[in-house]
Amino acid sequence: MAKGKAAKASTLEGSGYEASKAFDGNVSTRWASKEGSDPQWIYVDLGKTYSVNKVKLNWEAAYGKNYKIQVSNDSGSPANWTDVYTKTNGKGGVEEITFAAQDARYVRMYGTARGTSYGYSLYEFEVYGSSGN
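Residues numbered from 1 in each chain as written. Predicted model: local features only at pLDDT ≥ 70, side-chain atom pairs only at ≥ 80, totals over all residues. Heavy atoms only, no water.

Enquirer: Could you clarify how one ought to interpret the pairing of strand 3 (residues 40-59) in this entry?
Expert: In summary, the side chains of a regular strand alternate between the two faces of the sheet. Burial analysis of strand 3 places 14 of its 20 residues in the buried class, which makes it a mostly covered element. One ladder, built from 4 bridges, connects strand 1 (residues 6-9) with strand 3; its direction is antiparallel. Looking across to strand 3, one finds that Ala 6 is bridged to Asp 45. Here 14 bridges tie strand 3 to strand 6 (residues 94-114), and the two strands are oriented antiparallel to one another. Of the residues in strand 6, the one forming a bridge with Lys 56 is Glu 96. (Buried < 20%, exposed > 50% of the residue type's maximum accessible area, 1.4 Å probe, protein only. Helix = DSSP H or I, 4+ residues; strand = E, 2+ residues; numbered from the N terminus. Pairing = 2+ DSSP bridges.)

Right under this line is the structure:
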(Lines give C-alpha, C1' and ligand atoms only; values in the text may rest on other atoms or scores of the structure.)
Protein backbone atom coordinates (compact mmCIF):
# COMPACT_ATOMS: atom_id res chain seq x y z
CA MET A 1 0.00 0.00 0.00
CA ALA A 2 3.04 2.31 0.11
CA LYS A 3 3.99 1.97 -3.56
CA GLY A 4 4.19 5.36 -5.25
CA LYS A 5 3.17 7.29 -2.13
CA ALA A 6 4.90 10.42 -0.85
CA ALA A 7 8.00 9.78 1.23
CA LYS A 8 10.51 11.75 3.28
CA ALA A 9 13.89 10.93 4.78
CA SER A 10 16.21 12.54 7.31
CA THR A 11 19.08 12.79 4.80
CA LEU A 12 20.15 11.66 1.34
CA GLU A 13 23.50 10.32 0.21
CA GLY A 14 23.04 12.40 -2.94
CA SER A 15 20.98 12.89 -6.07
CA GLY A 16 19.37 9.66 -7.26
CA TYR A 17 18.92 8.27 -3.73
CA GLU A 18 15.68 10.05 -2.80
CA ALA A 19 13.23 8.60 -0.26
CA SER A 20 10.70 7.92 -3.03
CA LYS A 21 13.09 5.31 -4.50
CA ALA A 22 12.28 2.97 -1.58
CA PHE A 23 8.59 3.03 -2.52
CA ASP A 24 8.75 2.80 -6.32
CA GLY A 25 8.45 -0.99 -6.67
CA ASN A 26 11.83 -1.14 -8.44
CA VAL A 27 14.59 -3.15 -6.74
CA SER A 28 17.26 -1.56 -8.90
CA THR A 29 16.71 1.86 -7.27
CA ARG A 30 17.20 2.73 -3.62
CA TRP A 31 17.07 5.33 -0.89
CA ALA A 32 20.40 5.95 0.81
CA SER A 33 21.07 8.19 3.81
CA LYS A 34 24.13 10.32 4.42
CA GLU A 35 27.10 8.12 5.32
CA GLY A 36 28.47 7.72 8.83
CA SER A 37 25.68 9.29 10.87
CA ASP A 38 23.01 8.06 13.32
CA PRO A 39 20.09 8.32 13.75
CA GLN A 40 18.50 8.34 10.30
CA TRP A 41 14.91 7.77 9.24
CA ILE A 42 12.61 7.30 6.29
CA TYR A 43 8.82 7.38 6.25
CA VAL A 44 5.94 7.05 3.85
CA ASP A 45 2.67 8.99 3.85
CA LEU A 46 -0.05 6.47 2.96
CA GLY A 47 -2.43 9.38 2.24
CA LYS A 48 -5.11 8.14 4.63
CA THR A 49 -5.39 5.88 7.66
CA TYR A 50 -4.95 2.15 7.18
CA SER A 51 -4.74 -0.74 9.60
CA VAL A 52 -1.07 -1.68 9.24
CA ASN A 53 0.39 -4.95 10.54
CA LYS A 54 3.47 -5.74 8.45
CA VAL A 55 6.44 -4.14 6.74
CA LYS A 56 9.03 -5.64 4.46
CA LEU A 57 12.48 -4.06 4.31
CA ASN A 58 14.75 -4.96 1.41
CA TRP A 59 18.16 -3.65 2.51
CA GLU A 60 21.09 -2.79 0.31
CA ALA A 61 24.54 -3.69 1.73
CA ALA A 62 24.27 -0.62 4.02
CA TYR A 63 21.65 -1.94 6.46
CA GLY A 64 20.18 -1.05 9.81
CA LYS A 65 21.60 -3.06 12.71
CA ASN A 66 19.33 -1.44 15.30
CA TYR A 67 16.11 0.29 14.28
CA LYS A 68 12.47 0.80 15.12
CA ILE A 69 9.34 0.63 13.01
CA GLN A 70 7.06 3.47 14.04
CA VAL A 71 3.61 4.68 13.04
CA SER A 72 1.80 8.01 13.28
CA ASN A 73 -1.68 9.36 12.63
CA ASP A 74 -0.70 13.02 12.69
CA SER A 75 -1.88 15.29 9.91
CA GLY A 76 0.63 17.33 7.97
CA SER A 77 4.19 16.69 9.10
CA PRO A 78 4.12 13.83 11.63
CA ALA A 79 5.66 14.65 15.03
CA ASN A 80 4.15 11.96 17.28
CA TRP A 81 5.41 8.44 16.64
CA THR A 82 4.47 5.13 18.27
CA ASP A 83 6.96 2.25 18.32
CA VAL A 84 5.43 -0.97 16.96
CA TYR A 85 8.62 -3.00 16.53
CA THR A 86 12.23 -2.79 17.70
CA LYS A 87 15.07 -4.63 15.96
CA THR A 88 18.47 -5.25 17.52
CA ASN A 89 21.38 -6.98 15.80
CA GLY A 90 19.76 -6.94 12.38
CA LYS A 91 21.68 -8.69 9.61
CA GLY A 92 20.28 -6.89 6.56
CA GLY A 93 18.92 -8.69 3.51
CA VAL A 94 15.14 -8.93 3.29
CA GLU A 95 13.31 -8.59 6.59
CA GLU A 96 9.58 -9.24 6.95
CA ILE A 97 8.27 -7.78 10.18
CA THR A 98 4.80 -8.39 11.57
CA PHE A 99 3.25 -6.63 14.55
CA ALA A 100 -0.14 -6.05 16.14
CA ALA A 101 -2.34 -4.08 13.73
CA GLN A 102 -2.10 -0.31 14.19
CA ASP A 103 -4.11 2.48 12.57
CA ALA A 104 -1.53 4.57 10.74
CA ARG A 105 -1.19 7.17 8.04
CA TYR A 106 2.61 7.31 8.30
CA VAL A 107 5.04 4.40 8.69
CA ARG A 108 8.69 5.02 9.53
CA MET A 109 11.95 3.13 9.83
CA TYR A 110 13.98 4.92 12.51
CA GLY A 111 17.56 3.69 12.45
CA THR A 112 19.69 4.09 15.58
CA ALA A 113 22.75 1.97 14.67
CA ARG A 114 24.16 1.20 11.24
CA GLY A 115 25.36 -2.27 10.30
CA THR A 116 28.28 -0.80 8.32
CA SER A 117 30.35 2.39 8.37
CA TYR A 118 28.21 3.77 5.52
CA GLY A 119 24.60 4.86 6.00
CA TYR A 120 21.20 3.23 5.69
CA SER A 121 20.01 2.07 2.30
CA LEU A 122 16.74 0.43 1.27
CA TYR A 123 15.87 -0.94 -2.16
CA GLU A 124 12.25 -1.26 -1.07
CA PHE A 125 10.15 -0.49 2.02
CA GLU A 126 6.78 -2.21 1.70
CA VAL A 127 3.78 -1.70 3.98
CA TYR A 128 0.92 -4.17 4.39
CA GLY A 129 -2.46 -4.10 6.09
CA SER A 130 -6.04 -3.25 5.25
CA SER A 131 -8.24 -0.18 4.81
CA GLY A 132 -8.97 1.55 8.07
CA ASN A 133 -10.84 4.78 8.71
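The discussion continues.
Enquirer: I keep staring at the packing of aromatic side chains and nothing clicks. Help me out?
Expert: Any aromatic ring pair is given by two values, namely how distant the centres are and how the planes are angled relative to each other. Under the criterion given, the structure shown has 6 aromatic pairs. Between Trp 41 and Tyr 43 the ring centres are 5.5 Å apart and the planes differ by 15°, which places this aromatic pair in the stacked class. Seen in terms of ring centroids, Trp 59 and Tyr 67 are 5.6 Å apart; in terms of plane orientation they differ by 55°. Their pairing is tilted. Each member of the pair Trp 59 and Tyr 67 is classed as buried. Taken together, the ring pairs in this structure connect Trp 41, Tyr 43, Trp 81 and Tyr 106 into an aromatic cluster. Above the face of the Tyr 128 ring, Lys 54 is positioned so that its terminal group lies 4.9 Å from the ring centre. (Phe/Tyr/Trp six-rings, centres within 6.5 Å; stacked < 30°, edge-to-face > 60°. Lys NZ or Arg CZ within 6 Å of the ring centre and 35° of its normal.)

Enquirer: Could you clarify how one ought to interpret the nonpolar core in this entry?
Expert: Note that soluble globular proteins tend to have their nonpolar side chains buried in a common cluster. Ranked by internal contacts, the top residues of the largest apolar core, which has 27 residues, are Ile 42, Leu 57, Ile 69, Val 107, Met 109, Phe 125 and Val 127. Mapped by element, the contributors of at least two residues to this core are strand 3, strand 4 (64-72), strand 6 and strand 7 (121-131). In terms of residues, this core owes the most to one element, strand 3, which gives 8 residues. If we skip the residues at most four places from it in the chain, Leu 57 touches Tyr 67, Ile 69, Gly 93, Val 94, Glu 95, Ile 97, Met 109, Leu 122, Glu 124 and Phe 125. (Core = buried A, V, L, I, M, F, W, Y, C linked by side-chain atoms within 4.5 Å. Contact = heavy atoms within 4.5 Å.)

Enquirer: Looking at this structure, how should I read unusual backbone geometry?
Expert: Negative phi values dominate among residues other than glycine, just as trans dominates among peptide bonds. Omega for the peptide link from Asp 38 to Pro 39 comes to -10°, which places this bond in the cis form. We note that Asn 89 has phi near 60°; this positive angle belongs to a residue other than glycine. Residue position: Asn 89 is located in the loop between strand 5 (82-87) and strand 6.

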